[in-house]
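Overview (structure and organization)
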There are 2 protein chains.
Amino acid sequence: VAASIGDVAARAGVSVATVSRALRGLPNVAPSTRARVLEAAEALRYVADPHASRLAAGRTRTIGIVVPLFTQWYYTQVVSGAEAVVASAGYDVLLYCMGGDSGLARFLQTLPFRKRVDGLMLIDLPLADEQEAVLAGTSTPVVLVGVRSRRFPSVVVDNVGAAAQATQHLLNLGHEHVALIGHEPGSVVQSVAPIERQQGYRQALKAAGLPLLPEHDVPGGFSLQGGAEAMAQLLTVGTPPTAVFAESDEMAIGALKTLRDSGLRAPEDVSVIGFDDHDMAPFMGLTTIAQPVVALGEVAAQLLIDAGTAEPPGPTTVELATKLRVRTTTGPPRGRWDALH
Amino acid sequence: VAASIGDVAARAGVSVATVSRALRGLPNVAPSTRARVLEAAEALRYVADPHASRLAAGRTRTIGIVVPLFTQWYYTQVVSGAEAVVASAGYDVLLYCMGGDSGLARFLQTLPFRKRVDGLMLIDLPLADEQEAVLAGTSTPVVLVGVRSRRFPSVVVDNVGAAAQATQHLLNLGHEHVALIGHEPGSVVQSVAPIERQQGYRQALKAAGLPLLPEHDVPGGFSLQGGAEAMAQLLTVGTPPTAVFAESDEMAIGALKTLRDSGLRAPEDVSVIGFDDHDMAPFMGLTTIAQPVVALGEVAAQLLIDAGTAEPPGPTTVELATKLRVRTTTGPPRGRWDALH
């Protein structure tokens, strides 16, 4: 049996995406890592075989990936992980941007992908039962990222647990006034993550016997600017929070900007924790929940490529681990706000 | 004659991408802007018509976009601009990631897009004459972004002029020791931009009668980490620079991180200017050269969609304007380094 790219990754102790990047000579791979990958590939006599995929249909040699937006950091990372695995198997990627509220309905009506892809990956697009049925009817293998399903395999993180952990981190530091920067309910780009993260935040507060103040739950639109505005709003409420959990790092970085512009410091005046471990997070010293964005795409792509084997994978849900990364924007409450409380 | 999306954009005083986002109900459009767009669309009786495109061939209703990488900010922005225009014309986007040094050659050998797209946009992929001939032989309309061509229309910025302006900004503040954080020569992801920006930097120094010190020209790999390492290297040279021009904002932000970690301040100890106007730049107070990333994609997509009209557009080069944005990371030399010089 020929070695797979996964075997090389395991032997070199790196991700499949890193193996793919190293073997294709792409940048952002440290020379020592590249050497380790090449050694592993040689030891295993690994040869990248564009026809090695098991996706039986294989007529189009194309995988369709559907995202709500092209521009958000999270999507680019998931897609890059998926692309690496898909390219290693000799497939092209047809990337489709859902674009807006009516996008999913229109997509399912017109099925622009039909007959053009051998498999379909939907990122962060929750499906109603009848929508799943429409997709299943096309008999194109489907894998979901970020959304659980009773019909299709999916790759997710435990958003509820991770958000509860982020909130608990703040509570354990001694904060009693913890705010949430989250998502507009009913916003056009639907996703389960904001709802699940809000749930985790609420669970942790309730478990600690703390009240849920509506004025401490502010939407930030998952953007820098939205996070900045949400923090500004939190500074105007009756009981300003001493700590903030932002449901994305982009919003957390926006919140830090508002604090700085207001002459406040993190964590002295307000602690801030994010969610993602965005490339910029270490540069901000941002404490955050790291989620394995690239691996989400890699694993989903592998599930899709394996979908052509005899046994259909069925509604497997693969849950990847998140990790609390403590940096410098969280600490005990001790600033001017705390003295006011 | 029915109003085009461009007419709506002109009347509302916003970009085509904003009109597209507003009409599709996407986020990141201010409510007041959305209202203005809807007013303009109503006034002009604009109806988004998926069949309004003039791309005559129109068999596949798909535009292929080829990028060197999925993950870099610059590419995601150009692609999002292109996608908005392409979607408004009723086309899908087939996004192809070139992936590495042999990628372009392999792409031109196998032409995976042939018969699958009605038009092709190549972003930041310089072509040799014979490579252009291969593409022209497919009779698929081609538009280039970031690269000038004698055969295909292209959309570019004046990298030489903009880089000279960035350097001149530092010289005018009184700096005499200005370093460059740029690109590895011979790096696998080829692009003209790094070479042109280096040229602009050198022109400005020469015009000021200043020497070009090899130790002041350091590669930063167009990444955060690379920029951080390049700045660290610049702090070890015989004559440390009092000012740095980084050829991308991501590298500039990495450089700022190294300065902060070293107990140095920008601009007091070292001035830093970037290139891009990345989403994060305002949050860092980063002085930079803003380039119209979204518009690059929009204009290129429009050229491609117009390519089906009777008159072939020929090798038009559209040059979009850049703009110096002065924020807080540049100032006169006055810190501890300057005292040493």
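Residues numbered from 1 in each chain as written. Chains lettered and ligands numbered in written order. Predicted model: local features only at pLDDT ≥ 70, side-chain atom pairs only at ≥ 80, totals over all residues. Heavy atoms only, no water.

What follows concerns the overall build of chain A. A count of helical and extended segments in chain A gives 13 helices and 12 strands. When the accessible surface of chain A is split by element, carbon and sulfur atoms take 52% of a total near 13,500 Å². (Helix = DSSP H or I, 4+ residues; strand = E, 2+ residues; numbered from the N terminus. Areas by Shrake-Rupley, 256 points an atom, 1.4 Å probe, with all protein chains shown as cover.)

Bringing helix α4 (residues 73-88) of chain A into the picture now. Given a rise of 1.5 Å per residue, 16 residues ought to cover 22 Å, and the 23 Å separating the end C-alpha atoms of α4 of chain A matches this to within 8%. The buried fraction of α4 of chain A amounts to 15 of the 16 residues, a majority that puts the element mostly inside the structure. (Expected span 1.5 Å × (residues − 1). Buried < 20%, exposed > 50% of the residue type's maximum accessible area, 1.4 Å probe, protein only.)

What follows covers the environment of L286 of chain B. Residue and element names in this part refer to chain B. Mapping L286 onto the fold places it in the loop between α11 (281-284) and β10 (287-290). Classification of L286 by relative accessible area gives buried; the value is 0%. Distance in space between the C-alpha atoms of L286 and I273 is 6.7 Å, their sequence separation being 13 residues. Those residues in contact with L286, other than ones at most four positions away along the chain, are D249, A252, I253, L256, V272, G274, A281, R325, R327 and T329. (Contact = heavy atoms within 4.5 Å.)

Bringing the environment of E196 of chain B into the picture now. Residue and element names in this part refer to chain B. Inspection of the secondary structure assignment puts E196 in helix α8 (residues 192-207). For E196, a relative accessible area of 17% translates into the label buried. Separated by 33 residues in sequence, E196 and A163 have C-alpha atoms that sit 8.0 Å apart. Discounting chain neighbours no more than four positions away, the residues touching E196 are N159 and V160.

If you look at the biggest cluster of nonpolar residues, it comprises 90 residues, and the most contacted ones within it are I65 and I123 of chain A together with I65 and I123 of chain B. Ignoring anything within four residues of it in the chain, the contact list for I123 of chain A reads I65, V66, V67, P68, Y74, Y75, V78, V79 and V145 of chain A. A230 and M251 of chain A together with L234 and A281 of chain B belong to the second-largest nonpolar core, a separate cluster that totals 52 residues. (Core = buried A, V, L, I, M, F, W, Y, C linked by side-chain atoms within 4.5 Å.)

Once that is clear, we can look at the pattern of salt bridges. Taken as a whole and assessed by the stated rule, the structure comprises 14 salt bridges over all chains. For R265 of chain A, the salt bridge is made with D269 of chain A, and the minimal N-O distance between the two is 3.6 Å. Put simply, E319 of chain B and R148 of chain B hold a salt bridge, and the shortest N to O gap is 3.1 Å. Pair noted here: E319 of chain B is in strand β11 (residues 317-320) and R148 of chain B is in the loop between β4 (142-145) and β5 (154-157), with a separation of 171 residues, a long-range link. Overall, the relative accessible area of 44% leaves E319 of chain B in the partly exposed class. Overall, R148 of chain B belongs to the partly exposed group, its relative accessible area being 45%. (Salt bridge = Lys/Arg side-chain N within 4 Å of Asp/Glu carboxyl O.)

The next point concerns unusual backbone geometry. All names here are of chain A. The step from A266 to P267 runs through a cis peptide bond, and the omega angle for that step is 10°. Inspection of the secondary structure assignment puts P267 in the loop between α10 (249-261) and β9 (271-276). Its identity is not glycine, yet D276 carries a phi of approximately 145°, on the positive side. Relative accessible area serves as the criterion here: at 5%, D276 is assigned to the buried category. Located in the positive-phi region is D277, a residue other than glycine, with phi close to 60°. With respect to the helices and strands, the residue D277 is situated in the loop between β9 and α11 (281-284). For D277, a relative accessible area of 15% gives the class buried.

With that settled, the discussion passes to the sheet that holds strand β3 (residues 119-123) of chain A. All names here are of chain A. With parallel pairing, 6 strands are arranged side by side in an open sheet as β2-β1-β3-β4-β5-β11. A strand with exactly one partner marks an edge of an open sheet, and here the two such strands are β2 (92-97) and β11 (317-320). Pairs of neighbouring strands in the sheet enclose a mean axial angle of 20°, with direction left out of account. Note that strand β1 (residues 62-67) and β3 share 4 bridges and pair parallel. In the strand pairing of β3, G64 is matched with L120. (Pairing = 2+ DSSP bridges. Axes fitted to C-alpha atoms, helices over the stretch in contact; angles between N-to-C directions.)

With that settled, consider the packing of helix α9 (residues 224-234) of chain A against α10 of chain A. Residues and elements named next belong to chain A. Orientation of α9 relative to α10, taken along the N-to-C sense of each, is 50°, at an axis distance of 6 Å. Viewed along their axes, α9 and α10 adopt a mutual orientation that is oblique. The crossing of α9 and α10 is right-handed. Of α10, the residues touching α9 (which contributes L224, G227, A228, E229, M231 and A232) are E250, M251, I253, G254, A255, T258 and L259. Taken together, the residues of the contact of α9 with α10 sort by class into 8 nonpolar, 3 polar and 2 charged. (Parallel < 35°, antiparallel > 145°, perpendicular 65-115°, else oblique. Left-handed = near helix turned anticlockwise from the far one by under 90°. Nonpolar A, V, L, I, M, F, W, Y, C, P; charged D, E, K, R; others polar.)

Time to look at the side chain of S149 of chain B. Residue and element names in this part refer to chain B. By the element assignment, S149 lies in the loop between β4 and β5. On the accessibility criterion, S149 (10% relative accessible area) is buried. A polar side-chain atom of S149 sits 2.9 Å from the main-chain amide nitrogen of F152. When neighbours within four sequence positions are excluded, S149 is seen to be in contact with E132, L144, S154 and P315. (Polar contact = N/O pair within 3.5 Å; in protein donor to acceptor, adjacent residues only side chain to side chain.)

Residues and elements named next belong to chain B. If you trace the 6 strands from one edge of the open sheet to the other, you get β7-β6-β8-β9-β10-β12, paired in mixed fashion. Since the sheet does not close on itself, it has two edges, and those belong to β7 (217-219) and β12 (323-325), each with one partner. Taken pair by pair, the neighbouring strands of this sheet meet at an average axis angle of 20°, ignoring direction. Summarising the sheet, β10 and β12 pair through 3 bridges and their orientation is antiparallel. Directly across from T288, in β12, lies its bridge partner R325. Its contacts with the sheet place helix α7 (residues 159-172) against β6 (178-182), β8 (243-246), β9 (271-276), β10 and β12, and it is angled at close to 165° to β9. On the sheet, α8 packs against β6, β7, β8 and β9 and is oriented at approximately 170° with respect to β6.

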